[in-house]
Amino acid sequence: KRRRDDEEISSTNKQVPDHGVKVASHYNKLQEVGLAARSQSRIFFMRNFNNWLKSVLIGEILEQVRGAEPGPVSVLDLGCGKGGDLLKWRKGGIDHLVCADIAEVSVEQCRSRYEDMRRRSHVREKIFTAQFITADCSKELLSEKLESTELFDICSCQFVYHYSFESETKADMMLRNACERLKPGGFFIGTTPDAFELVKRLEASDSLSFGNQIFDVSFQSKGSYPLFGCQYHFSLEGVVNVPEFLVYFPLLEHMAKRYRMRLVLKQRFWQFFQERVKKEQHRSLMAKMMALETYSHEDPGQPSEDSTGEYCHAKEYCGRAGVKLPVGTLSRSEWEAASIYLVFVFQKMS
Ligand code: SAM
């Protein structure tokens, strides 16, 4: 029945081609650049902001996992990329990590980063064990490739899930890979663009695209949005320019019930930021990651100009006044891009 549904969906979409190959070759071609080059990028602060957000999220979830059951912690990083989160897992003191991604070159870079990390670590530091898998996680079953039969405490899927919403079969396979090997009480966490926000901005635009000097989102049509295969192009400073698909969140929530997953948190980035930044520990991490000397939530100081000469005005992108951004850091353009995203946490019911 599901195959028939997919066929119906793709026929209404005039046959969406398989984008897995495009995605893999795009990410395989991306070069790793050093800190000096990264700091020159117009999305330097946005990358740092995203990393801050992921660090806080990962820290919170690890705390919950350990609070519920002390013992070894095992994690699946679904769509791990080049291993941008390896240090976060190291800092979190986990015991085992499985890294999976469709892009072979990225998986190899992730593996060598991990090996490097192990080599350079202090003899007394116990670094987690790891397995690396190259697989299209929206087509292949990961459990068949795992070295052990262990269950995961956490599956982390950062900036990845939207690639799978090409069809119901793919979205379901990705979800199955994320959730079927989770322990009862385990978490599926991630970040993805908010479909409502994308559609809102598209509908407000007088063309089929919107964006600014750092990002561009373009659709093929507007007015009607199929549940699967609703494709758009997202390009961000040449970092991502492969097709993505709208993730209609209520549908994801519904689909997740098949795997006994219950939604426990869904927040837009600005909401997550606003709540977490109240804590001193998160504020000082923000300051460190943004390479600021000081960052005060109470008195964030004067907003700095970005390259367009405009200021950060959070309320324009958050729909609410009073959200204090890491001003002096994220430019208005970066915030316009970052505020599209949401963070989610599902938990497996016992
Ligand atoms: N999670 C990493 C991070 O936060 O830095 C990488 C995010 S990057 C924007 C998206 C990643 O998703 C890429 O590494 C890409 O290869 C991977 N990806 C996309 N579709 C995938 C699929 N079907 N199976 C596995 N990985 C996929």
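Look up a bit, the structure's there.
The structure contained in this document is the topic of the report that follows.

About the thresholds
- Residues numbered from 1 in each chain as written.
- Predicted model: local features only at pLDDT ≥ 70, side-chain atom pairs only at ≥ 80, totals over all residues.
- Heavy atoms only, no water.
- Salt bridge = Lys/Arg side-chain N within 4 Å of Asp/Glu carboxyl O.
- Helix = DSSP H or I, 4+ residues; strand = E, 2+ residues; numbered from the N terminus.
- Buried < 20%, exposed > 50% of the residue type's maximum accessible area, 1.4 Å probe, protein only.
- Near = heavy atom within 4 Å.
- Polar contact = N/O pair within 3.5 Å; in protein donor to acceptor, adjacent residues only side chain to side chain.
- Areas by Shrake-Rupley, 256 points an atom, 1.4 Å probe, with all protein chains shown as cover.
- Nonpolar A, V, L, I, M, F, W, Y, C, P; charged D, E, K, R; others polar.
- Pairing = 2+ DSSP bridges.
- Core = buried A, V, L, I, M, F, W, Y, C linked by side-chain atoms within 4.5 Å.
- Contact = heavy atoms within 4.5 Å.
- Right-handed = clockwise from strand over helix to strand, strands pointing away.

1. Topic: the pattern of salt bridges
Thinking step 1. All chains considered together, the criterion is met by 20 salt bridges.
Thinking step 2. A salt bridge links R120 to D116; the shortest N-O distance between them is 3.1 Å. Of the two residues, R120 and D116 both sit in helix α6 (residues 104-120), 4 residues apart, roughly one turn of that helix.
Thinking step 3. Judged by its relative accessible area of 26%, D116 falls in the partly exposed class.
Thinking step 4. E197 is the salt-bridge partner of K200, the closest N and O atoms lying 3.5 Å from each other. Of this pair, K200 and E197 both sit in helix α8 (residues 195-204), 3 residues apart, which is roughly one turn of that helix.
Thinking step 5. You can call K200 exposed: its relative accessible area is 54%.
Thinking step 6. Classification of E197 as buried rests on a relative accessible area of 7%.
Thinking step 7. Beyond isolated ion pairs, a larger network of salt bridges with shared partners links D194, E197, K200, R201 and R268.

2. What about the site of the ligand?
Thinking step 1. In the vicinity of the ligand lie 18 residues, with K54, G79, D101, D136 and Q158 positioned nearest.
Thinking step 2. Note that an oxygen atom of the ligand is positioned 2.6 Å from one of the side-chain N or O atoms of D101.
Thinking step 3. For the ligand, a nitrogen atom lies 2.9 Å from a polar atom in the backbone of C137.
Thinking step 4. Within the complex, the protein chains bury 89% of what would otherwise be the 600 Å² of accessible surface of the ligand.
Thinking step 5. Partitioning the shell around the ligand into residue classes produces 11 nonpolar, 4 polar and 3 charged.

3. Overview of the pairing of strand β8 (residues 231-236)
Thinking step 1. Here 5 bridges tie strand β7 (residues 215-219) to β8, and the two strands are oriented antiparallel to one another. Each bridged residue has a counterpart across the sheet, and for F219 the counterpart in β8 is Y232.
Thinking step 2. Note that β8 and strand β9 (residues 243-245) share 3 bridges and pair antiparallel. The partner of H233 across the bridge, within β9, is P243.

4. With respect to the nonpolar core
Thinking step 1. If you look at the biggest cluster of nonpolar residues, it comprises 61 residues, and the most contacted ones within it are F49, F128 and F215.
Thinking step 2. The biggest single contributor to this core is helix α4 (residues 44-68), with 10 residues.
Thinking step 3. Not counting residues up to four positions away in its chain, the partners in contact with F215 are R201, F210, F234, S235, L236, S333, E336, A337 and I340.
Thinking step 4. The next biggest cluster of nonpolar side chains, apart from the first, holds 35 residues, and it includes L78, L142, F152 and C155.

5. Things to note about the pairing of strand β1 (residues 74-78)
Thinking step 1. Burial analysis of β1 places 5 of its 5 residues in the buried class, which makes it a mostly covered element.
Thinking step 2. Residues S74, L76 and L78 point to one face of β1 and V75 and D77 to the other, with burial holding for every one of them.
Thinking step 3. Sheet analysis places β1 next to strand β2 (residues 96-101), joined by 5 bridges and oriented parallel. Counted as the bridge partner of D77 is C99 from β2.
Thinking step 4. The parallel pair β1 and β2, bridged by helix α5 (residues 86-91), forms a crossover whose chirality is right-handed.
Thinking step 5. The sheet contact formed by β1 and strand β4 (residues 152-158) spans 3 bridges and is parallel. In the strand pairing of β4, L76 is matched with C155.

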